[in-house]
Amino acid sequence: MYDIILTNVKNTHEYEELIKVFLRPQQYKLECIEDVALIKGRKDALCFCGTDDKNALKKEIYKKLRDITGSSPPWGIITGIRPVKLAGELIRKLGSETQARAELLDCCMVNEEKADLAIDIYRYQQRISGKPPEKSAGIYIGIPFCPTRCLYCLFVSNQKGKEEIDKYLRALYKEIDYVSRGMKEQELYAETIYIGGGTPTILDNEQLETFLCTVNEKLRNEKTLEITLEAGRPDTITKSKLEVIHDADVRRISINPQTMNDQTLKIIGREHTAMQIREAFKIARDAGIKEINADIIAGLPGEDIDDFTATVKEISKLEPDNITVHNLALKRASRLTAIDRDYHYKIAGTVNKMLRLSRKKMKEAGYRPYYLYRQKQTAGAEENTGYCKPGTECIYNIRIMDEHQNLFALGAGGISKVYFPKENRHERVANVSNYEIYIDRIGEMIERKRSGMFAPLKEVAEI
């Protein structure tokens with residue numbers, strides 16, 4: 001047990017997030033003491049004194065814990081989820097990629113591979129998408145229902161039948177209608193629309209057709225670049241649903257295998273097989289879907305490097321246009337955390353090898369990294385990386401990680417972000433997560449958007 005003492009520090013959150021990269025919660029006790037005199041003579045404790053430069057303190061903590069544990073987390077002192085955004089900010093601030101790289105290496109303790117990766121992805125994003133157009137916004141619409149709940153899942157996910165889903169959709173249409181009118185009044189338009197979940201393809205044919213018609217009528221216009229729909233569970237994908245999706249001119253869907261190992265699929269709570277994944281890809285291509293994304297996860301329970309290698313090979317054979325390689329994150333509300341709260345520490349070495357292999361295999365198969373983000377409590381403190389074949393990038397993914405555009409999130413669990421460009425900041429406007437409360441309080445959700453989103457945007461526009 002390590003006693004860690006911070007002095008002259010008001011908020012310990014960022015520092016503790018860094019400590020948890022090195023040490024399991026039961027391995028340390030963190031104290032915050034205002035009076036420096038109280039720690040004199042505490043040779044049994046690791047003592048750190050805060051300054052106006054919080055990165056200096058984080059570097060001191062990183063170096064000490066690196067020496068103690070022998071571990072050198074690759075992203076250094078960065079605890080945020082958007083290192084590519086940070087790389088871009090440093091390039092603009094310092095004037096060159098060379099200086100930004102030096103800052104990442106020297107001041108942030110990032111290793112060379114990760115620094116080069118962040119800068120490369122930022123450079124690529126600027127080339128293919130640049131700055132968000134004026135008056136543009138991203139739209140997220142959540143369908144919070146799934147056939148089953150995965151072992152590691154933290155997202156809003158409910159197992160309900162048609163009647164409950166119909167109730168939810170009726171409330172959602174009210175919010176869609178309000179946001180549509182608000183955007184038109186302020187001459188805003190949807191650059192991208194992302195329909196996530198949950199599993200949106202849990203909707204039956206009639207529900208799906210009505211839903212997509214509503215989205216097209218209310219939110220889409222001639223400037224909209226893409227609509228993406230998560231069809232994550234192969235057991236919810238049918239030929240007729242894909243025809244509905246294609247007829248609604250949805251260009252991109254996600255089919256999310258996570259693994260091609262049938263035994264692992266059972267362990268994580270999925271009721272489909274690898275064969276159904278292959279069939280889903282076939283009928284999606286036959287239906288004329290232009291672009292398919294596939295998600296896989298490194299570090300799933302029971303899998304070793306050979307299992308993960310087999311998944312990478314199998315997915316590559318299916319030739320999705322995008323492949324997102326996730327590093328398993330252990331979230332507090334997931335069933336996996338209840339089973340083993342230290343799971344992500346135990347598999348760190350294996351996951352590092354898996355991700356290294358995926359980077360090599362993606363490059364060999366003609367994919368390149370185009371967006372990246374991190375999550376807390378992941379194995380090895382690594383990252384999630386989206387790979388694409390050139391020309392198939394999902395602009396929505398780039399924009400939400402860059403955070404220089406309004407994001408209007410609709411549905412239960414949606415968190416909108418209002419962007420104020422002159423101040424380069426955003427404010428969050430959240431919907432409730434529980435779908436039943438969302439239905440009952442849809443009027444309040446709309447009022448939150450009026451007062452927290454459209455009113456401030458109108459004020460800024462009039463200045």
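Everything here concerns the structure above.
Anyway, here's the lowdown on the structure attached to this text.

Basis of the calculations
- Every residue gets a number counted from 1 within its own chain, in the order that chain's sequence is written.
- pLDDT decides what is reported in this predicted model: residues at 70 or higher carry local features, side-chain atom pairs at 80 or more are listed and counted, and totals for whole chains, interfaces and linings draw on all residues regardless.
- In computing side-chain values, all of the structure's heavy atoms are included and hydrogens and water are not.
- Only DSSP runs of H or I reaching four residues or more are called helices, and only runs of E reaching two or more are called strands; each is numbered from the N terminus.
- With C-alpha atoms as the basis for the radius of gyration, the globule rule is written as 2.2 Å multiplied by the number of residues raised to the power 0.38.
- Residues are treated as being in contact if the distance between any of their heavy atoms lies within 4.5 Å.
- The charged-residue count follows a simple rule in which Lys and Arg add positive charge and Asp and Glu add negative charge, with His and chain termini not counted at all.
- We put the charge of a Lys on NZ, of an Arg on CZ, of an Asp on CG and of a Glu on CD.
- Axis geometry follows a simple rule: fit a line to the C-alpha atoms, using only the stretch in contact for helices, then measure angles between N-to-C directions, giving values from 0 to 180 degrees.
- If an angle is under 35 degrees, it is roughly parallel; if it is over 145, roughly antiparallel; if it lies from 65 to 115, roughly perpendicular; otherwise it is oblique.
- Rotating anticlockwise by less than a right angle from the far helix to the near helix defines a left-handed crossing, while the corresponding clockwise rotation defines a right-handed one.
- Burial classes follow relative accessibility: with a 1.4 Å probe on protein chains only, a residue under 20% of its type's maximum area counts as buried, one over 50% as exposed, and anything between as partly exposed.
- Any Lys or Arg side-chain nitrogen located within 4 Å of an Asp or Glu carboxyl oxygen qualifies as a salt bridge.
- Classification of ring pairs rests on two measures: the distance between centres of Phe, Tyr or Trp rings, Trp counted by its six-membered ring, which must be within 6.5 Å, and the angle between planes, read as stacked under 30 degrees, edge-to-face over 60 and tilted in between.
- Over a ring means this: the NZ of a Lys or the CZ of an Arg is within 6 Å of the ring centre and within 35 degrees of the ring normal.
- Whenever a nitrogen or oxygen atom comes within 3.5 Å of another N or O atom, the pair is scored as a polar contact, on the condition that within protein one atom can donate a hydrogen and the other can accept it, and that pairs from neighbouring residues in sequence are kept only if both atoms are in side chains.
- Criterion used throughout: strands pair if DSSP finds at least two bridges between them.

### Side note on the overall build of the chain
So, step 1. Each helix and strand counted, the chain has 17 helices and 14 strands in total.
So, step 2. Compactness check: the chain gives a C-alpha radius of gyration of 23 Å against a globular reference of 23 Å for 463 residues, within 12% of the reference.
So, step 3. For the chain, the spread of C-alpha atoms along the principal axes amounts to about 70 × 60 × 45 Å.
So, step 4. Excluding contacts between residues fewer than 6 apart, the proportion of contacts in the chain whose partners are at least 24 apart in sequence is 74%.
So, step 5. Charge centroids of the chain, computed over 72 positive and 69 negative side chains, lie 2 Å from each other.

### Concerning the packing of helix α4 (residues 97-106) against helix α5 (residues 112-128)
So, step 1. Axis separation between α4 and α5 bottoms out at 9 Å; the angle between their running directions is 140 degrees. Comparing their axes, α5 and α4 come out oblique. The chirality of how α4 crosses α5 is right-handed. Listed contacts from α5 to Glu97, Ala100, Arg101, Leu104 and Leu105 of α4 are Glu112, Ala115, Asp116, Ile119 and Arg123.

### Let's talk about the environment of Lys346
So, step 1. Structurally, Lys346 is set in helix α13 (residues 343-346).
So, step 2. With relative accessibility at 51%, the residue Lys346 sits in the exposed group.
So, step 3. Considering only alpha carbons, one finds Lys346 and Ala171, 175 residues apart in sequence, at a separation of 43 Å.
So, step 4. Residues contacting Lys346, with those up to four places away along its chain left out, are Arg24 and Asp340.

### Quick word on the pattern of salt bridges
So, step 1. Counted under the stated rule, the structure contains 42 salt bridges.
So, step 2. Its salt-bridge partner being Lys167, residue Glu164 comes within 3.1 Å of it at the nearest N-O pair. With a gap of three residues between them, Glu164 and Lys167 both fall in helix α6 (residues 162-185), about one helical turn apart.
So, step 3. It is possible to trace a salt-bridge network through shared partners that takes in Glu113, Lys114, Arg359, Glu382 and Glu383.

### As for the packing of aromatic side chains
So, step 1. Across all of its chains, the model carries ten aromatic pairs by this definition.
So, step 2. An angle of 55 degrees between the planes, with centres 5.6 Å apart, marks the rings of Phe408 and Phe454 as tilted. With a gap of 46 residues between them, Phe408 in strand β12 (residues 406-410) and Phe454 in helix α17 (residues 442-462) connect regions that are remote in the sequence.
So, step 3. Given a relative accessible area of 5%, Phe454 falls into the buried group.
So, step 4. Taken together, the ring pairs in this structure connect Phe145, Tyr168, Tyr435 and Tyr438 into an aromatic cluster.
So, step 5. Across the ring face of Phe420, the terminal group of Arg425 is positioned such that the distance to the ring centre comes to 4.4 Å.

### A look at the side chain of Lys241
So, step 1. Note on placement: Lys241 falls in helix α8 (residues 239-247).
So, step 2. One buried charged residue, Lys241, forms no salt bridge at all, with the nearest opposite charge on Asp204 at 7.4 Å.
So, step 3. Looking at Lys241, its side chain comes within polar contact range of the main-chain oxygen of Leu203, at 3.0 Å.
So, step 4. A polar contact is formed between the side chain of Lys241 and the backbone oxygen of Thr236, at a distance of 3.2 Å.
So, step 5. Excluding residues within four positions of it along the chain, Lys241 makes contact with Thr201, Ile202, Leu203, Asp204, Asn205, Leu208 and Thr236.

### Here we look at the pairing of strand β14 (residues 425-430)
So, step 1. Bridge count for strand β13 (residues 415-420) against β14 is six bridges, and the pairing is antiparallel. Its bridge partner lying in β14, Ser416 is registered against Val429.
So, step 2. Hairpin connection between β13 and β14: a loop of four residues separates the two successive antiparallel strands, and Asn424 in this loop has a positive phi of roughly 50 degrees.

### Considering the sheet that holds strand β1 (residues 2-7)
So, step 1. Judged by pairing direction, the sheet is parallel, and its three strands sit side by side in the order β2-β1-β3 without closing on themselves. What marks the edges here is a single partner per strand, and that holds for β2 (28-33) and β3 (45-49). The average angle at which neighbouring strand axes cross in this sheet is 20 degrees, direction not considered.
So, step 2. Strand direction decides the pairing type here: β1 and β3, joined by five bridges, are parallel. Each residue of the ladder has a partner; that of Asp3, found in β3, is Ala45.
So, step 3. In the packing of helix α1 (residues 13-22) onto the sheet, the strands contacted are β1 and β2, and the crossing angle to β2 comes to about 160 degrees.
So, step 4. Across the sheet, helix α2 (residues 54-69) is in contact with β1 and β3; its angle to β3 comes to roughly 160 degrees.

### What about the packing of helix α3 (residues 83-94) against α5?
So, step 1. Contact geometry for α3 and α5: axes closest at 8 Å, N-to-C directions at 80 degrees. Overall, the two elements α3 and α5 adopt an arrangement that is roughly perpendicular. Of the residues in α5, those in contact with Pro83, Val84, Ala87, Gly88, Ile91 and Arg92 of α3 are Ala118, Ile119, Ile121, Tyr122 and Gln125.

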